[in-house]
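Examining the three-dimensional arrangement
Each chain, written out:
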Amino acid sequence: MRKRKTFTGCNAGHTFFHVNPFGKASICKVGREPNIDLITEGVEGLRGLGAIADSLLLRQGGCTGCELQGTCGTCMPLVQLYRKAKAPLATYCQHREKETPT
Ligand code: SF4
């Protein structure tokens, strides 16, 4: 729950990747969709990870046009997971709900 540094980019899918036990290669362990099926596509399929990474890291959905994205500390794939889990905004987004004074 520490304050994250501003997210300035990531080499996921370009210089490293993640493979699950079923042979699905993804850009990292956070951004697992879309992925490359190494069983059917073979190692050549890894060439597609760069394009997948570039699309996953673009601000999208509720982050499109966000004026605070220049100081946002959460990468887009992680934002997607927080949203899927219906996490409170305060855990990942600067547009946090107003906190109640204690
Ligand atoms: S501050 Fe919130 S809305 Fe803006 S880019 Fe970050 S997560 Fe998305």
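Refer to the preceding data block for the structure.
Note that this is a predicted model, so its numbers are computed, not measured. (Residues numbered from 1 in each chain as written. Predicted model: local features only at pLDDT ≥ 70, side-chain atom pairs only at ≥ 80, totals over all residues. Heavy atoms only, no water.)

As a further point, take the overall build of the protein. Helix and strand counts for the protein come out as 3 helices and 3 strands. Overall, the protein shows an N-to-C arrangement of helices and strands of β-β-β-α-α-α. Projected onto its principal axes, the C-alpha coordinates of the protein cover approximately 55 × 25 × 25 Å. Split into buried and exposed, the 102 residues of the protein put 29% on the buried side. The long-range share in the protein, meaning contacts at least 24 apart out of those at least 6 apart in sequence, stands at 34%. About 7300 Å² of surface is accessible on the protein, with carbon and sulfur atoms providing 58% of the total. (Helix = DSSP H or I, 4+ residues; strand = E, 2+ residues; numbered from the N terminus. Buried < 20%, exposed > 50% of the residue type's maximum accessible area, 1.4 Å probe, protein only. Contact = heavy atoms within 4.5 Å. Areas by Shrake-Rupley, 256 points an atom, 1.4 Å probe, with all protein chains shown as cover.)

A few words now on helix 3 (residues 76-84). Because the α-helix completes a turn every 3.6 residues, residues three or four places apart line up on one side. By the burial criterion, the buried members of helix 3 are Met 76, Pro 77 and Val 79. Looking straight down helix 3, one finds its buried side chains confined to an arc of 155°; they lie on one side. Turning to helix 3, the residues buried within the fold contact helix 2 (49-57). Of the residues trailing helix 3, Lys 86 is marked for its positive phi of about 55°. (Arc of directions from axis to C-beta.)

Taken together, Arg 59, Cys 63, Cys 66, Gln 69, Cys 72, Val 79, Arg 83, Cys 93, Gln 94 and His 95 make up the full set of residues near the ligand. Of the residues belonging to the shell around the ligand, the class tally is 5 nonpolar, 3 polar and 2 charged. (Near = heavy atom within 4 Å. Nonpolar A, V, L, I, M, F, W, Y, C, P; charged D, E, K, R; others polar.)

Turning our attention to the environment of Phe 17. Mapped onto the fold, Phe 17 is located in the segment before strand 1 (18-19). Between the C-alpha atoms of Phe 17 and Cys 28, which are 11 residues apart in sequence, the distance is 5.0 Å. Once residues lying within four places of it in the same chain are set aside, the contact partners of Phe 17 are Ala 25, Ser 26, Ile 27, Leu 46 and Leu 49.

What follows deals with the sheet that holds strand 3 (residues 36-37). Whether parallel or antiparallel, the strands of a sheet pair through hydrogen bonds between backbone atoms. Spatial ordering of the open sheet is given by 1-2-3, a layout of 3 strands whose pairing is antiparallel. Of all the strands in the sheet, the pair left with one neighbour each is strand 1 and strand 3. Bridge count between strand 1 and strand 2 (residues 24-26): 2 bridges; the pairing is antiparallel. Bridging across to strand 2, His 18 finds its partner in Ser 26. (Pairing = 2+ DSSP bridges.)

Applying the stated criterion across every chain, the model contains 0 disulfides. Considering cysteine sulfurs only, Cys 10 is the nearest to Cys 28, which forms no disulfide, with 6.3 Å between them. On the accessibility criterion, Cys 28 (16% relative accessible area) is buried. (Disulfide = S-S within 2.5 Å.)

A word on the environment of Gln 94. In this structure, Gln 94 sits in the segment after helix 3. Residue class for Gln 94 comes out partly exposed when judged on its relative accessible area of 36%. When the C-alpha positions of Gln 94 and Thr 74 are compared, they lie 9.6 Å apart, and in sequence the two are 20 residues distant. At 3.0 Å, the side chain of Gln 94 forms a polar contact with the side chain of Thr 71. (Polar contact = N/O pair within 3.5 Å; in protein donor to acceptor, adjacent residues only side chain to side chain.)

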